[in-house]
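Coordinate inspection notes
Given next are the chains, with one letter for each unit.
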Amino acid sequence: MFDCTDCVGEENWVDSRTIFIGHKEPPPGTEAFIQQRFPDNRIVSSKYTFLNFVPKNMFEQFRRVANFYFLIIFLVQLIIDTPTSPITSGLPLFFVITVTAIKQGYEDWLRHKADNAINQCPVHVVENGKVVCKQSRKLRVGDVILMKENETFPCDLILLSTSRDDGTCYVTTASLDGESSHKTYYAVQDTKAYNTEEEVDTIHATIECEQPQPDLYKFVGRINIYMDNEPVARPLGAENLLLRGATLKNTAHIYAVAIYTGMETKMALNYQSKTQKRSAVEKSMNAYLVVYLCILIGKALINTVLKYAWQADPNRDEPWYNDRTETERQRHIVIRAFTDFLAFMVLFNYIIPVSMYVTVEMQKFLGSYFIMWDDEMFDKELGERAVVNTSDLNEELGQVEYVFTDKTGTLTENNMEFIECCVDGHVYVPHAICNGQVMPGATGMDMIDTSPGPGARHEELFFRALCLCHTVQVKEEETVDGIKHGIHQGKSTSFYISSSPDEVALVEGMKRLGFTYLRLKDSHMEILNREDEIERFELLEVLTFDSVRRRMSVIVRSSSGELYLFCKGADSSIFPRVISGKVDQVRARVEHNAVEGLRTLCVAYRPLSPEQYQEVCHLLNGAKLALQDRDKRLAEAYDIIEKDLILLGATAVEDRLQEKAADTIESLHKAGMKVWVLTGDKMETAAATCYASKLFRRNTQILELTTKRTEEQSLHDVLFDLSRTVLRQHGGMTRDTFSSLSGDYTDYGLIIDGATLSAVMRPTQEDSISGNYKEIFLEICRNCSAVLCCRMAPLQKAQIVKLIKASKEHPITLAIGDGANDVSMILEAHVGIGIMGKEGRQAVRNSDYAIPKFKHLKKMLLVHGHYYYIRISELVQYFFYKNVCFIFPQFLYQFFCGFSQQPLYDTAYLTLYNISFTSLPILLYSLIEQHINMDILKKDPSLYRDIAKNSLLRWPIFLYWTILGVYDAIVMFFGAYFLFDNTTFTSNGQMFGNWTFGTLVFTVLVFTVTFKLVLDTHYWTWINHFVIWGSLIFFVVFSLLWGGIIWPFLNYQRMYYVFMQMLSSGPAWLSIILLITASLLPDVVKKVIWRALWPTTTERIQVGSYTDMLLSMYLTPINWESTKNCIHHCIRMYAGFGYVPTLLDVSLYAAVSVCSAPLFLNQKSSIETLNAQNILLMES
């Protein structure tokens, strides 16, 4: 009987599952397994069902404060007697809820549609020795499945056998992590010979494995195969696990058993939503909402108190014709006061802009398409466009202060080219003379080293080590996934594919040096040496690479029976394990190559005796069979095995900078952003890349906070030395207070490694002084123009981002990377951007935005981010402004109607003001406004500084918009009141009533807030004209129809003929024109003064283009005709850019043209100076 407790490597473990292959229970007499219940293979990515959509969606929507607030107001209007109809609150709320529900319902319907397409896919299942076809959703755990080439795996499978003799199959995981390279997976050794349905059906086995985990690259399990009722245990790992969504390649067919199905597959577990990120603009909106809620409560409270103060006089209690009912008179005064307070809350509730949330959501959703449609961000090589995974952070792209970037694949191409190798200190370069020997294909005479070369044994061992220690596959066909490879002189030749570009570069480098890796066949690796002889090595074990060990090893047996362990890895992980070899010479070459920016690897070996190999097998088998802590056990085993190595040499591979990477970083610096490079590479290599990419300049003074320095001094002393250095130069100022291009300050750059960072982050208990390392470190970083963090683990990258986010300035951070090791920092940063690189698509899948190349970051931030922030900040401020203009006259009106809660506006106007009359112009503005041409934004990155630190949504600006709204409301109300104080008669002698007065105020209001937006608009298209003037025409037409027709569904029609009567009065027309002018004039004057005295960089550029026009005009006799022609020419010039000056710009220009002619005539040199400053603009 098989006893689990006697298994090698077994320990007490829980949380596992047992799977019966083909649903066959273990034979009698073996340990009893309890059959578990598993889900079917149905994938559900949808959020709602037909039955729960309404209640679930309503619950989610009313969790938003604004929606819940308006729901309460609506219920209050239904319950108590309020001055306005429930429709005035209910209809806008219904509109908001309906639009949002339709949008979310449509998105969920698309998810249902996609789920059904996947769940109904046909799958071939082996049952009773025959292949039957089932729908994917009907698969069960334990089913044996037949998969054919180019088919996608429907669930997570354990590979049992393949059509290949060696039991391997090739798989692409592009849909999981974007890696299009072919990965090798291995069948269970004891089942790989079962190649037909009948044979597979005879397999009698159980699988014990861990419960589903989201980690795509980790799997722990074992298979118990029953042969003659005797169990044989074999380990199962990630190399046996085929993941749902991966595709079978270059293998005719396989048989595999389902172990995780449906929502328990690793792919489904990775569907989980990421942490919700909120933008700075959204936080400002919520803060403003709280302020306006307090204003609303204050208004209602003031009116309630004043109402009862007014009614304290018996003569003012109630008019004789409006006696209160006896029931109302007998109610307690507190209840009456509370009811009145609620009634005033309802009357003034429109100050809270509920429709703003829908408009903002629509603006973000529709605006995100401008990134995806941008042809300049399309990469022809990849055939990819920018992708927006979340539109909630569009405006955050315009607020970035810190950029954290990976190096390999982000700043560099991750396209490796073998440069050289060094064996025992002697350098070998392909296509050159190496140690006196002309290598194949030599094109030049580059004498590297004329001293006697290393022993032939070490040289050949080095080349063989690189030909054997890898996971490269050989492909001999002409195409892979439709892409042609390996074509030489019209013939199909072999080429290499691997998940690691480094490995391909090294194997190709060896091929150029005379040692060609041929293939892996029947567990034997074949090499073609320089004598064109084929050498065969039996591959016994592979000690896979991981980011912690930073090395990989293979154990092979030569044809003569010798056993070798070949190991390659980072110099920091190889040198400490070496006991012999020319370490100093190799280390010197490694450091030299690192300074040149090359990626280096060291190669070592260890001969094994048969006894040592048996010990190695015992260690590895014990660790592989462990079901709990397998990774830890394997790491311990690898640590024991990979020791006492003999150093052979090192390699150098070049990873070139991406196109325009240096230009992009320089532009980000000019825009005021600080760029940090976070990489796992060694310091010298990363520093060379930083110089090449202009992160560090040649005059940059480098400060080092590395392990090497902290070994010489204590960490405490090093930190304080660096702090004194930067503060001595900069005084109390940080680099945020001056331009990074200033020549008055030394440019500092900081280099820190992962080990020192751990020490800085680690809380210290010894003394309180050293416990403040984080603050000192941050102070140093704030005064450095650039920071390089090398030898960083993925978690440390996220810690760095979190540290900066939590600093006292709370800056907006952006993280950009291309690999799985960058996901943690991408998720941690305020904005995460994935690069569509060669390290897979995990970064892309977990990012907020994805771009093909690093160079596209420049336009994404400097243009799209700038526009998004300008647009949404105007949208938010404008919404609050127009609602203050709307509701403050209602507040003032209460002082003239005895605080009777009489509404100033008609119910239709109350309802449609935010929905129809004023919503579309600001939505369109927030989608297409371009206050500066995009070419200028790209050429002058310093413009990004004008909008930094949420500058357009600060409290002073918010206060200005609010005061402007109050002023406009006062002008509208009292202007209409005093203008018609003695002239309230029409031509036929009739007097204006309160509804005519309210309609007049409302008309002025609609035209004023619309013209305010007209004055702020710089970019005019036919769409702007259609929407802006169309909204005003719609208001007029609606008012004419609403008051010109007797509507049968209205109980009373108080607005009948009111609008027409108002327009029939000459004074009403004059009042509308005067009040609109008086309302807008202070804002225009304020802008003129501010632009003249304290202009921003943006405003200088906006008016700067008029300089040439002024110069040409004043060099000739001044006349009105030339002034008019000049203005027209200037406007045409802007139209050529797609930019049209605002009405304010034109009026300002005309005023300056007339008033300052003498000044310009006398100061021609000043004009020329100003003109020179605007050369950049004119050239654009």
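The shown structure was predicted, so the numbers you read here are calculated from the model rather than taken from an experiment.

Quick notes on the overall build of the protein
When helices and strands are tallied, the protein shows 42 helices and 40 strands. Considering the protein as a whole, with its 1180 residues, one finds that 54% of them fall into the buried category. Contacts in the protein between residues at least 24 apart in sequence constitute 73% of all its contacts with a sequence separation of at least 6. Of the roughly 51800 Å² of accessible surface on the protein, 57% is carried by carbon and sulfur atoms.

Points about helix α31 (residues 955-979)
Spanning 25 residues, α31 covers 35 Å between terminal C-alpha atoms, matching the ideal 36 Å at 1.5 Å per step. The set of residues buried in α31 consists of Phe958, Trp961, Thr962, Leu964, Gly965, Asp968, Ala969, Val971, Met972, Phe973, Gly975 and Ala976. Those residues of α31 hidden inside the fold are in contact with α7 (280-310), α27 (856-893), α32 (994-1016) and α35 (1066-1093).

So, the sheet that holds strand β3 (residues 130-135)
Adjacent strands of a sheet pair through backbone hydrogen bonds, lying either parallel or antiparallel. Within the open sheet, the 6 strands sit side by side as β3-β2-β4-β13-β5-β11. Their pairing is antiparallel. Strands with a single pairing partner mark the edges of an open sheet, and in this sheet they are β3 and β11 (241-242). Relative to strand β4 (residues 144-148), strand β2 (residues 122-127) is paired through 3 bridges, and the arrangement is antiparallel. Counted as the bridge partner of Val125 is Ile145 from β4.

Details of the side chain of Lys858
Along the chain, Lys858 falls in helix α27. Taking relative accessible area as the criterion, Lys858 reaches 15% and is therefore assigned buried. Beyond its immediate sequence surroundings of up to four residues, Lys858 is in contact with Asp663, Thr664, Ser667, Val863 and Lys938.

Details of the packing of aromatic side chains
In this structure the tally under the stated criterion is 60 aromatic pairs. Measuring from centroid to centroid gives 6.1 Å for Tyr878 and Tyr881, while their planes differ by 40°, and the two rings are tilted. In this pair, Tyr878 and Tyr881 are both assigned in helix α27, 3 residues apart and thus about one turn of the helix distant. The pair Tyr878 / Tyr881 is uniform in exposure class, with both members buried.

Comments concerning the packing of helix α29 (residues 919-928) against helix α33 (residues 1022-1044)
With their axes 9 Å apart at the nearest point, α29 and α33 run at an angle of 160° to one another. As far as their axial angle goes, α33 and α29 are roughly antiparallel. As for how α29 packs across α33, the hand of that crossing is left-handed. Each of Leu920, Pro921, Leu924 and Ile928 in α29 lies in contact with α33, whose residues at this interface are Ile1023, Asn1024, Val1027, Ile1028 and Ser1031.

Section: the pairing of strand β9 (residues 221-227)
Counting buried residues in β9 gives 6 out of 7 residues, a clear majority hidden from the surface. As paired strands, strand β8 (residues 205-210) and β9 are joined by 5 bridges and run antiparallel to one another. When the bridges of β9 are listed, Thr206 appears paired with Asn224. The pairing of β9 with strand β10 (residues 230-236) spans 7 bridges and is antiparallel. Paired with Arg222 across the two strands is Pro235, which belongs to β10.

Some remarks on the environment of Val1058
Among the structural elements, Val1058 can be located in helix α34 (residues 1058-1063). For the pair Val1058 and Gly993, spaced 65 residues apart in sequence, the C-alpha separation works out to 8.9 Å. Leaving out residues up to four positions away in the same chain, Val1058 has contacts with Trp995, Thr996 and Thr999.

So, the UniProt feature "active site" (unreviewed entry) in the protein
The feature "active site" (unreviewed entry), as annotated in UniProt, sits at Asp406 in this numbering. You can see Asp406 is positioned in the loop between β15 (402-405) and β16 (412-423). Those residues in contact with Asp406 that sit more than four places away from it in its chain are Leu411, Leu678, Thr679, Lys797, Ile816, Gly817, Asp818, Asp822 and Met825. Within the structure, Asp406 has its side chain in polar contact with the side chain of Lys797 (distance 3.3 Å).

Thoughts on the sheet that holds strand β38 (residues 813-817)
Sheet architecture is open: 9 strands sit in the order β14-β40-β39-β38-β15-β34-β37-β36-β35, paired in mixed fashion. Every other strand in the sheet has two partners, leaving β14 (387-388) and β35 (701-705) as the edge strands with one partner each. Alignment of β35 against strand β36 (residues 748-753), held across 5 bridges, turns out to be parallel. Bridge pairing in β36 links Leu705 to Ile752. Lying over the sheet, helix α23 (residues 773-782) contacts β15, β34 (674-678), β35, β36 and β37 (786-790), oriented at roughly 140° with respect to β36. Lying over the sheet, α27 contacts β15, β38, β39 (831-835) and β40 (849-851), oriented at roughly 135° with respect to β40.

Describing the nonpolar core
With 95 residues, the main nonpolar core has Met356, Val876, Tyr905, Phe1002 and Leu1005 as its most contacted residues. The element that contributes the greatest number of residues to this core is α27, accounting for 17 residues. Beyond its immediate chain neighbours, meaning those up to four positions away, Leu1005 contacts Lys882, Cys885, Phe886, Tyr905, Tyr913 and Met972. In this structure, Ile665, Ala671, Ala686 and Ala687 belong to the second largest nonpolar core, which totals 39 residues.

A closer look at the side chain of Glu642
By the secondary structure assignment, Glu642 is in the loop between α17 (630-641) and β33 (645-657). We classify Glu642 as buried; its relative accessible area is 0%. Ignoring sequence-local partners within four residues, the contact set of Glu642 consists of Leu543, Arg549, Arg551, Met552, Ser553, Cys567 and Arg577.

Considerations on the environment of Thr544
Structurally, Thr544 can be placed in strand β28 (residues 534-546). Taking the C-alpha atoms as reference points, Thr544 and Thr471, 73 residues apart in sequence, are found 8.9 Å from one another. With near-sequence residues (within four places) excluded, Thr544 lies in contact with Arg549, Arg551, Met552 and Tyr638.

What counts as what
Residues numbered from 1 in each chain as written. Predicted model: local features only at pLDDT ≥ 70, side-chain atom pairs only at ≥ 80, totals over all residues. Heavy atoms only, no water. Helix = DSSP H or I, 4+ residues; strand = E, 2+ residues; numbered from the N terminus. Buried < 20%, exposed > 50% of the residue type's maximum accessible area, 1.4 Å probe, protein only. Contact = heavy atoms within 4.5 Å. Areas by Shrake-Rupley, 256 points an atom, 1.4 Å probe, with all protein chains shown as cover. Expected span 1.5 Å × (residues − 1). Pairing = 2+ DSSP bridges. Phe/Tyr/Trp six-rings, centres within 6.5 Å; stacked < 30°, edge-to-face > 60°. Axes fitted to C-alpha atoms, helices over the stretch in contact; angles between N-to-C directions. Parallel < 35°, antiparallel > 145°, perpendicular 65-115°, else oblique. Left-handed = near helix turned anticlockwise from the far one by under 90°. UniProt positions renumbered as here; feature names shortened; annotations may be inferred. Polar contact = N/O pair within 3.5 Å; in protein donor to acceptor, adjacent residues only side chain to side chain. Core = buried A, V, L, I, M, F, W, Y, C linked by side-chain atoms within 4.5 Å.

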